[in-house]
Amino acid sequence: MDQDFVTHPAWMEFDLDALAANFKELERRVGPDVKIIASLKANAYGHGSVETAKVLFKHGVFALSTGSFRDAMAIREAGVTTPILMFGGNLPEAAARYLEYDLIPTVYNMETARAVSEAATAPAPVYIKVDAGMGRLGIELGEAEKFIREVSTFNNIKIEGVYTHLSFKDSKGQEWSKRGIERFNRLNDRLRDGGLDIPVTQAVASANLMVGHMDGSNAICPGALLYGLSAVNPDLASIEPFRPVLTAIKARLIHVGAFPDDLALKEGGYHTMRQSDRTGVVPLGLYDGYRKAQGGTPSVVLINGKRRPVLGISLEHLTFDLLGDETVQVGDTVTVLGADSGDEITIAEMASWQGTGLNDLLMNFDGRLPGRYRGG
Ligand SMILES: *Cc1c(COP(=O)(O)O)cnc(C)c1O
């Protein structure tokens, strides 16, 4: 039997209306001639790949993408028929299973190209990934033209798209990304001039979109922005008007402790740092994805809009100082992340206490707590 909100009162809240609004804002920015391939990798950045896929499907997204076969199967099994581009993550011998689930493999070496061609019974659509400077996954740009021409001669392969990815955080990275995309555009020009007609080309992701850098391609592949997450450092560009889809992480108080404030007690455990004799406990700890603050800034939770310092994070519990508040009771809701009565703990703020990035924070929480979804 599953635990529920009484047997384990801790959860994440997702606003699918925000996802739809972010998607429409992207559509508005790029215009009707540019297709959107939504990045749903890593369980839609921890937001739930099935829930996210259903909303984007409903709003007519051109394609979805992920590197996770498990996530892709779950999306298919939920009845979403949108094309799914597989970023990578597979060995050549997986080609038959990809095609069986109607997934579009990415080809970045000859081994994968041959495997897809051998597994297919009719020309299978594939995308080719070009590495234009990231140094990760993809056929190196200098080799790409020859490689793509060769793959285009395979009987059972239809090259549906060519793409690259050049994410960045700061202005130096922005220049690097721009240069990579220009080289990628020239590759596409050469392919077209040589008579190879590839329907989809794509290089732009959230960071490029945030700084307003569009290119000559006819598709974009945003991830972070769909979820209202910034892809660049805050001094480079603002996230406005994109809204966070993960709006809250909450839990209900399972205990209010009133400990006598004597020195003997203060020498042990969670009492050494407290300022009052009243502490609260919620069932949400390291196991659920919460992490310790680094570098001296204490983490806090919100109760009735007031910040309460966290005293200790254990495997399954979070203990905090109620700072003498006499009104708080067992069963009250505690906001661990999100807005509460005029104050807000943002994802960026929590990541900064933890000395980590947005993706690291999301991946710590991913799959641990049940999600409550609204809208869409
Ligand atoms: C993750 C990823 C994206 C999306 O990047 P964001 O910065 O989240 O917008 C696009 N393309 C590829 C190949 C990726 O791996």
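From a predicted model like this one, the values you see are computed outputs, not experimental measurements.

K.L.:
Looking at this structure, I do not really get the packing of helix α3 (residues 49–58) against helix α4 (residues 69–77). What am I missing?
P.N.:
Two numbers describe a pair of packed helices, the interaxial angle and the distance between the axes. With their axes 9 Å apart at the nearest point, α3 and α4 run at an angle of 50 degrees to one another. One finds that α3 runs oblique with respect to α4. Here α3 and α4 pass one another in a crossing that is right-handed. Along its contact with α3, which presents S49, V50 and A53, the element α4 presents D71, A74 and I75. Tallied by class, the residues present in the contact of α3 with α4 amount to four nonpolar, one polar and one charged.

K.L.:
I tried to follow the nonpolar core on my own but got confused; where do I start?
P.N.:
Generally speaking, nonpolar side chains in soluble globular proteins are found buried as a group. Grouped together as the largest cluster of nonpolar side chains are 107 residues, with contacts concentrated most on L64, I148 and Y290. If you tally residues by element for this core, the top one is helix α1 (residues 16–30), at seven residues. Counting only domains with at least three residues in this core, you end up with domain 1 (34–227) and domain 2 (246–374). Not counting residues up to four positions away in its chain, the partners in contact with Y290 are L284, G285, S299, V300, V310, I313, L318, V336, M350, W353, Q354 and F365. Counting residues in hydrophobic clusters, the runner-up holds 10 residues, among them A63, Y163, V200 and C221.

The rules we used
- Residues numbered from 1 in each chain as written.
- Predicted model: local features only at pLDDT ≥ 70, side-chain atom pairs only at ≥ 80, totals over all residues.
- Heavy atoms only, no water.
- Axes fitted to C-alpha atoms, helices over the stretch in contact; angles between N-to-C directions.
- Helix = DSSP H or I, 4+ residues; strand = E, 2+ residues; numbered from the N terminus.
- Parallel < 35°, antiparallel > 145°, perpendicular 65-115°, else oblique.
- Left-handed = near helix turned anticlockwise from the far one by under 90°.
- Contact = heavy atoms within 4.5 Å.
- Nonpolar A, V, L, I, M, F, W, Y, C, P; charged D, E, K, R; others polar.
- Core = buried A, V, L, I, M, F, W, Y, C linked by side-chain atoms within 4.5 Å.
- Buried < 20%, exposed > 50% of the residue type's maximum accessible area, 1.4 Å probe, protein only.
- Domains from an automatic or database assignment.

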